[in-house]
Amino acid sequence: MKKLMTLLICALLTLSACAPKFNQEEKVVQETENKKQKAIIPKYNISNSYYRTILPFQPGEARGLVVENVNTRLDMEEFELGLMRIAQTKFSPSQYLFQQGQYLDRKTIESWLKRKQGNAEGLNPALGNEGTNEERNKKHPLYISHILEHNYLVKTGNDKVQLGGVVIGLAMNSVHYYETEEGYPREVKISKSDMEKEGKKAAEEIVSRLRQMDGLKEVPIIIGLFEQQPKSSIVPGHFFAAGYVDKGSNSIKNWENINEEYYVFPSDEAQKNHRDDLVKFLNLKSDIEEFFPNYTGVIGRAFYRDDQLQQLTIDIVMQFYGKTEVIGFTQYVTGLLMEKMPDYMPISVYISSVRGPESIIIKNPDQNEPFVHIYQP
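As annotated in an unreviewed UniProt entry, the chain is Protein involved in sex pheromone biosynthesis from Anoxybacillus pushchinoensis.

**Student:** Whenever I open this one, the overall build of the chain confuses me. Can you help?
**Tutor:** If you tally the helices and strands in the chain, you get nine helices and 19 strands. A burial count over the chain gives 47% of its 377 residues as buried. Long-range contacts, defined here as pairs at least 24 residues apart, represent 60% of the contacts in the chain between residues at least 6 apart. Of the roughly 19,800 Å² of accessible surface on the chain, a fraction of 50% belongs to carbon and sulfur atoms.

**Student:** Just to check I follow, could you spell out the nonpolar core for this structure?
**Tutor:** Looking at soluble globular proteins, one finds that nonpolar side chains tend to be buried together. Counting residues in hydrophobic clusters, the biggest one holds 36 residues, and the most contacted among them are Ile147, Leu170 and Ile223. When contributions to this core are tallied by element, the ones reaching two or more residues are helix H4 (106-113), strand S7 (144-157), strand S8 (160-173), helix H6 (192-210), strand S11 (221-228) and strand S12 (238-245). Here Leu170 is in contact with Phe79, His146, Ile147, Gly199, Ala202, Ala203, Ile206, Ile223, Gly224, Leu225 and Phe226, once residues within four sequence places are set aside. Counting residues in hydrophobic clusters, the runner-up holds 29 residues, among them Phe292, Ile314, Phe329 and Ile374.

**Student:** Honestly, H6 in this entry has me stumped. Any pointers?
**Tutor:** Think of an α-helix as 3.6 residues a turn; residues three or four steps apart then line up on the same face. Here H6 is 19 residues long and its end C-alpha atoms lie 26 Å apart, about the 27 Å a rise of 1.5 Å per residue gives. Packing partners of the buried residues in H6 comprise H4, S7, S8, S11, S12 and strand S13 (254-257).

**Student:** How should the pattern of salt bridges be read in this particular structure?
**Tutor:** A side chain of one charge can pair with a side chain of the opposite charge if their charged atoms are brought near each other. One pass over the structure, following the stated rule, counts 18 salt bridges. Between Arg305 and Glu260 there is a salt bridge; the shortest N-O distance is 3.4 Å. Separated by 45 residues along the polypeptide, Arg305 in strand S15 (residues 296-305) and Glu260 in strand S14 (residues 260-265) bring together distant segments of the chain. Taken together, the salt bridges that share partners define one network made up of Glu78, Arg85, Glu260 and Arg305.

**Student:** Hey, could you run me through the environment of Glu260 in this one?
**Tutor:** The exposure class of Glu260 is buried, given its relative accessible area of 8%. A sequence separation of 21 residues divides Glu260 from Phe239, and the C-alpha atoms of the two residues are 6.7 Å apart. Every residue in contact with Glu260, bar those within four places of it in the chain, is listed here: Glu78, Arg85, His238, Phe239, Phe303, Tyr304 and Arg305. Engagement of the side chain of Glu260 in a polar contact is seen with the side chain of Arg85, the distance being 3.0 Å.

**Student:** Just to check I follow, could you spell out unusual backbone geometry for this structure?
**Tutor:** Note: most residues except glycine have negative phi, and most peptide bonds are trans. In the segment running from Phe265 into Pro266, the intervening peptide bond is cis, with an omega of -5°. With respect to the secondary-structure elements, Pro266 resides in the loop between S14 and helix H7 (268-273).

**Student:** Before we go on, may I ask you to explain the packing of helix H8 (residues 275-291) against helix H9 (residues 323-340) in this structure?
**Tutor:** Any two packed helices are characterised by how steeply their axes cross, that is the angle between the axes, and by the distance between the axes. Closest axis-to-axis distance for the H8/H9 pair is 11 Å, and the angle between their directions is 150°. Judged by the inter-axis angle, H8 sits roughly antiparallel to H9. As for how H8 packs across H9, the hand of that crossing is right-handed. When H8 is examined against H9, the residues Leu284, Asp287, Ile288 and Phe291 are found in contact with a partner set consisting of Phe329, Tyr332, Val333, Leu336, Leu337 and Lys340. Looking at side-chain class alone, the contact of H8 with H9 contains eight nonpolar, no polar and two charged residues.

Basis of the calculations
- Residues numbered from 1 in each chain as written.
- Predicted model: local features only at pLDDT ≥ 70, side-chain atom pairs only at ≥ 80, totals over all residues.
- Heavy atoms only, no water.
- Helix = DSSP H or I, 4+ residues; strand = E, 2+ residues; numbered from the N terminus.
- Buried < 20%, exposed > 50% of the residue type's maximum accessible area, 1.4 Å probe, protein only.
- Contact = heavy atoms within 4.5 Å.
- Areas by Shrake-Rupley, 256 points an atom, 1.4 Å probe, with all protein chains shown as cover.
- Core = buried A, V, L, I, M, F, W, Y, C linked by side-chain atoms within 4.5 Å.
- Expected span 1.5 Å × (residues − 1).
- Salt bridge = Lys/Arg side-chain N within 4 Å of Asp/Glu carboxyl O.
- Polar contact = N/O pair within 3.5 Å; in protein donor to acceptor, adjacent residues only side chain to side chain.
- Axes fitted to C-alpha atoms, helices over the stretch in contact; angles between N-to-C directions.
- Parallel < 35°, antiparallel > 145°, perpendicular 65-115°, else oblique.
- Left-handed = near helix turned anticlockwise from the far one by under 90°.
- Nonpolar A, V, L, I, M, F, W, Y, C, P; charged D, E, K, R; others polar.

Structure, rendered in structure tokens:
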């Protein structure tokens, strides 16, 4: 177990392409509206791309609610990590500390996510009373599925830290799921324009409500809009817009479009929008499938920001008949990555079988050699 943990830490350091910073931990006082408490800023920072989390760890007031409201595990992870990427546009990881949301508790978020019908705080539209249940759901779908809060703390001098900014993520449904009166499952697709309109309208209302809470009257706020994928999707959703609220302001100053997208390799969408990268993947896939007679499944997930490839993740599922086959296959795939895939392309390969994970290969643009790990039984 210790060996595995060491290897995983090495993988994270390789991914970040940055040596860890070993500074002395700092003892500070965290100041809030109603109290002061002692806290510690951790001394370890494995990458400038990550925020340090102030200690002792304080769970978010609505911790775990995302699992109930977001469709897939992929969406959950991207919702959180994407919200951190948005935060970095205003709150530098070198100056700010991360803390889970402390202001919106479970009861508040659940109330805000309900329909307006019988609930003045609801941000989703009332279902109405006219027409069948199917007609009403088609006309008034649920637009917002979840609200996520992140807090960012900043040092103020004299060994003190206080809240420096709040980032709120709104997970927007691309598909609304409901049941007919007879109990049959149905779904309604939501257009991007309606999703954006309803998300921005809800964001303005949320800003107004946050400004009425103790401790949030002055801090800068960012609202991110996240397009959640259908339940059947094998790629995560993405953020498509971010609104910025200045310190002390009660309205969103401006909205910025976010150009992020995930693609499945192979797919018609990838063929249309990123053909060159897809061709490289297909050539790699062909070489892998021709070398071994056993059935091999090769699927890629590509993440693009501003139409530039940020990460290609490849999942390979294969039937192995011994550890020597795993070793040989991993070596072969590693050679293909180094010889046939371009240096600019960051790639992570996860090889598995019916027994579970077998090996990992991580290749980054600034590495002469990839990181390779073969799991031991």
